[in-house]
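Take a look at the letters that make up each chain.
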Amino acid sequence: TEAIVRQDRFDVACMSIGLDYRMFDDDAVFVMNVGFGTLMDNGVLPIAAAGNAGMNHAVYPAFLDNVVSVGAMNPHGKIWRHSNSASKLVQGAVTGFPDLVAPGVYVASAIRGGGYGLWTGTSQAAPLAVGVAALLREKQTDADAYALRDELLAATVPLPGVHAGRQGSGKLFV
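Since we're looking at a predicted model, the values are computed, not measured. (Residues numbered from 1 in each chain as written. Predicted model: local features only at pLDDT ≥ 70, side-chain atom pairs only at ≥ 80, totals over all residues. Heavy atoms only, no water.)

### Focus: the pairing of strand 5 (residues 45-49)
No. 1: Burial within strand 5 is extensive, with five of its five residues counted as buried.
No. 2: Taking every second residue as pointing to the same face, both faces of strand 5 are buried, with Leu45, Ile47 and Ala49 on one and Pro46 and Ala48 on the other.
No. 3: Note: strand 3 (residues 12-15) against strand 5, four bridges, orientation parallel. Across the sheet, the residue bridging to Cys14 is Ile47, located in strand 5.
No. 4: Sheet topology places strand 5 next to strand 7 (residues 68-73); three bridges connect them, and they run parallel. If you follow Ile47 over to strand 7, its bridge partner there is Val68. (Buried < 20%, exposed > 50% of the residue type's maximum accessible area, 1.4 Å probe, protein only. Helix = DSSP H or I, 4+ residues; strand = E, 2+ residues; numbered from the N terminus. Pairing = 2+ DSSP bridges.)

Here it is in structure tokens:
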């Protein structure tokens, strides 16, 4: 759509990939963070699925500072038990991972060969966050990727009784 693709560029990137954080040393993490920061500096908001291994587990690229990480919640507003979460250090402060949560359990999705099926995982939740980011971009075409990230995180509502480390800023308010 025009909100996501304008001429020869795009404004929001959706990633459903995850590599275990233990595979990378500090230098590799620095290089990845710089790369995703460059995307943001050029107007692209990277959004990634948080992964499906559960509590105290993180994956890259979602665990990087310059990527919005999306966890999954079920239809009852509870965090899906396999949605990754962990604590991370951002600019000297401990914050929660993921950055936000979205519906990710029993999401109707296209399947190979045609038709639809119900799928579960953070890879189902991340595209919903990308859709909201695209709608926000459509309303604020002059906002940079950092402002778009802030607007996306502001479009959340905390889940009652859930630690911030499991939900980030909360569930997408859509």
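### Things to note about the packing of aromatic side chains
No. 1: Under the criterion given, the structure shown has three aromatic pairs.
No. 2: Taken together, a centroid distance of 5.0 Å and an interplanar angle of 90 degrees make the contact between Phe63 and Phe97 edge-to-face. In this pair, Phe63 sits in the loop between strand 6 (59-60) and strand 7 while Phe97 sits in strand 9 (residues 93-97), placing the two residues 34 residues apart along the sequence.
No. 3: Accessibility expressed as a relative area gives 15% for Phe63, which makes it buried. (Phe/Tyr/Trp six-rings, centres within 6.5 Å; stacked < 30°, edge-to-face > 60°.)

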